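What follows is the residue order along each chain.
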Amino acid sequence: MEICKMQESTNPLIICGLQKTTLLDYPGYVAATIFTGGCNFRCPFCHNSEILGNDAPPLYSPDDILAFLKKRNRILDGVCISGGEPCLQPEALEDFILQVRSLGLRIKLDTNGSRPQVIRHLAEQGLLDYIAMDIKAGPEHYPAVCGISPDIDSVQESVQWLLSGAVPFEFRTTAVKGLHTSEDFRQIGPWIAGCPDYYIQNYVPSERVLHPDGFSSFTKEELLFFAEITAPFTGQVNLRGIDY
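Presented here is an overview of the structure given in this document. Small disclaimer: the values here were computed from a predicted structure and weren't measured.

1. Considering the overall build of the protein chain
Logical step 1: When you go through the protein chain residue by residue, the secondary structure sums to seven helices and eight strands.
Logical step 2: A compact globule built from 244 residues would reach a C-alpha radius of gyration of about 18 Å, and the protein chain, at 17 Å, matches this within 12%.
Logical step 3: Projecting the C-alpha coordinates of the protein chain onto the three principal axes gives extents of approximately 50 × 40 × 35 Å.
Logical step 4: Split into buried and exposed, the 244 residues of the protein chain put 50% on the buried side.
Logical step 5: When the accessible surface of the protein chain is split by element, carbon and sulfur atoms take 50% of a total near 11000 Å².
Logical step 6: The positive charge centre, built from 19 side chains, and the negative charge centre, built from 30, are 7 Å apart in the protein chain.

Listed below in structure tokens is the structure:
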């Protein structure tokens, strides 16, 4: 993430980071990724721990980002909006997306699924082209992996709505050794049955994570085993963060 001076804006989306170009965050497209501040989860393995608090200082204004996007309009296909949890700022998020869409750019939203009404509203307004929702763990294990006791019914509502096929989407799980076991994936498979694309992402240790001690990466063989468990329930299972 890069830092620039914030400019004043009316009702601004809190933006705490920018990746100017990515070929990975938005499958099939060249995109820029922005990181919004604030999150209602406290996943101990989160790599964006410095922007989780509601008081995370904005490092960019929407005007800064829009000016950048206008300059890169011929290079970029879309914008990935990540976090934090973007759906915690629903009005500012919608306003920002409308402005980005006016530049002819596609929108991908990364979300933990805890605000299904926000996701649905944005989709019904035709503002989302792709959604990546984190499946943190098996339903019974969510509190330990999220660092809080989340409203699992809201997460389930988001899962079911996405499975209805209203918007292209993927589910994804960051597999963390020390948090996840094969039982998580035995629960996840039936939970997301019918999902066309499921990604298992290998955890990468870093000093930037919320709680850097006690966690490690799985081996390729272990991840392939998790993929084998979930494969009967999904269109395809893909692994991220390993070398084949």
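Okay, back to it.
2. Details of helix α7 (residues 220-230)
Logical step 1: Among the residues of α7, Leu223, Phe226, Ala227, Ile229 and Thr230 are the ones counted as buried. End-on view of α7: buried residues confined to an arc of 160 degrees, all on one side of the axis. What points out from α7, more than 90 degrees from its buried face, is the exposed set Glu221 and Glu228.
Logical step 2: The inward-facing, buried residues of α7 abut β6 (169-175), α6 (182-191), β7 (197-202) and β8 (236-240).

3. Section: the pattern of salt bridges
Logical step 1: As enumerated under the stated definition, the model contains nine salt bridges in all.
Logical step 2: Residue Glu50 pairs with Arg208 through a salt bridge whose shortest N-O separation is 3.3 Å. Here the residue Glu50 occupies a position in the loop between β2 (31-36) and α1 (62-71), and Arg208 occupies one in the loop between β7 and α7, the gap between them amounting to 158 residues.
Logical step 3: A relative accessible area of 42% places Glu50 in the partly exposed class.
Logical step 4: When its relative accessible area of 42% is taken as the criterion, Arg208 is described as partly exposed.
Logical step 5: The shortest N-O distance in the salt bridge between Asp110 and Arg172 comes to 3.4 Å. Of this pair, Asp110 sits in strand β4 (residues 106-111) while Arg172 sits in strand β6, and the two are 62 residues apart along the sequence.
Logical step 6: A relative accessible area of 7% places Asp110 in the buried class.

4. Topic: the packing of α1 against helix α2 (residues 90-101)
Logical step 1: Interhelical geometry of α1 versus α2 gives an angle of 15 degrees and a closest axis separation of 11 Å. For the element pair α1 / α2, the angle class is roughly parallel. Crossing angle aside, the handedness with which α1 passes α2 is right-handed. Contacts between α1 and α2 involve Pro62, Ile65, Leu66 and Leu69 from the former and Phe96, Gln99 and Val100 from the latter.
Logical step 2: Residues belonging to the contact of α1 with α2 are distributed by class as follows: six nonpolar, one polar and no charged.

5. With respect to helix α3 (residues 116-124)
Logical step 1: Considered for burial, the residues of α3 that qualify are Pro116, Val118, Ile119, Leu122 and Ala123. Burial along α3 is one-sided: seen end-on, the buried residues are contained in an arc of 165 degrees.
Logical step 2: Among the residues trailing α3, Gly126 stands out with phi positive, at a value near 75 degrees.

6. Focus on unusual backbone geometry
Logical step 1: Following Gly83, the chain continues to Gly84 via a peptide bond in cis, the omega torsion being 15 degrees.
Logical step 2: Here Gly84 shows up in the loop between β3 (78-82) and α2.

7. Considerations on the side chain of Gln201
Logical step 1: Residue placement: Gln201 occurs in strand β7.
Logical step 2: Gln201 has contacts with Arg172, Thr173, Thr174, Ala175 and Arg240, leaving out every residue within four places of it along the chain.

8. A word on the nonpolar core
Logical step 1: In terms of nonpolar packing, the biggest core is built from 69 residues, with Leu69, Ile81, Phe96, Ile135, Phe171 and Ile200 touching the most fellow members.
Logical step 2: Ranked by residues supplied to this core, first place goes to α2 with five residues.
Logical step 3: Excluding residues that lie within four positions of it along the chain, Leu69 makes contacts with Ala32, Leu76, Val79, Val100, Leu103 and Leu105.

9. A few points about the packing of aromatic side chains
Logical step 1: By the definition in use, this model includes seven aromatic pairs.
Logical step 2: Measuring from ring centre to ring centre gives 5.7 Å for Tyr142 and Trp191, while their planes differ by 80 degrees; the resulting arrangement is edge-to-face. Here Tyr142, found in helix α4 (residues 142-146), pairs with Trp191, found in helix α6; they are 49 residues apart in sequence, far enough to count as distant. The pair formed by Tyr142 and Trp191 is uniform in burial state, with each residue classed as buried.
Logical step 3: Above the plane of the ring of Tyr199 lies Arg240, whose end atom (NZ or CZ) is 3.5 Å from the centre.

Criteria and cut-off values
Sequence order sets the numbering: in each chain, residues are counted from 1 along the sequence as written. Given that this is a predicted model, residues contribute local features only at a pLDDT of at least 70 and side-chain atom pairs are listed and counted only at 80 or more, while totals for whole chains, interfaces and linings are drawn from all residues. For side-chain calculations, the full set of non-hydrogen atoms in the structure is used, while hydrogens and water are omitted. The numbering of helices and of strands both runs from the N terminus, where a helix is a DSSP run of H or I of at least 4 residues and a strand a run of E of at least 2. Each radius of gyration reported is based on C-alpha atoms, and the globular scaling rule is 2.2 Å times the count of residues to the power 0.38. Burial here depends on accessible area, computed with a 1.4 Å probe over protein chains only, as a share of the maximum for the residue type. Under 20% is buried, over 50% is exposed, and the range in between is partly exposed. Method for areas: the Shrake-Rupley scheme with a 1.4 Å probe, in which residue coverage is limited to the protein chains shown. Only four residue types enter the tally: Lys and Arg on the positive side, Asp and Glu on the negative side; His and the chain ends are excluded. Positions of charges follow a simple convention, taking NZ of Lys, CZ of Arg, CG of Asp or CD of Glu. An arc is given here, and it is the one of the directions from the helix axis to the C-beta atoms. Here, residues are in contact when the closest pair of their heavy atoms is within 4.5 Å. Should a side-chain nitrogen of Lys or Arg be within 4 Å of a carboxyl oxygen of Asp or Glu, the pair is scored as a salt bridge. Axes, fitted as lines to C-alpha atoms, cover a helix only where it is in contact. Angles between the N-to-C directions of the axes lie from 0 to 180 degrees. Oblique is the label for any angle not covered by the other classes, which are roughly parallel (under 35 degrees), roughly antiparallel (over 145) and roughly perpendicular (65 to 115). Here is the rule for handedness: rotate from the far helix to the near one, and if that takes an anticlockwise turn smaller than a right angle the crossing is left-handed, while a clockwise turn gives right-handed. Any residue outside Ala, Val, Leu, Ile, Met, Phe, Trp, Tyr, Cys, Pro, Asp, Glu, Lys and Arg is labelled polar, Gly included; the first ten of those are nonpolar and the last four are charged. Only buried residues count toward a nonpolar core. Its members are Ala, Val, Leu, Ile, Met, Phe, Trp, Tyr and Cys residues joined through side-chain atoms within 4.5 Å. We call Phe, Tyr and Trp rings a pair once their centres come within 6.5 Å, taking the six-membered ring for Trp, and we label the pair stacked below 30 degrees between planes, edge-to-face above 60, and tilted otherwise. Over a ring means this: the NZ of a Lys or the CZ of an Arg is within 6 Å of the ring centre and within 35 degrees of the ring normal.

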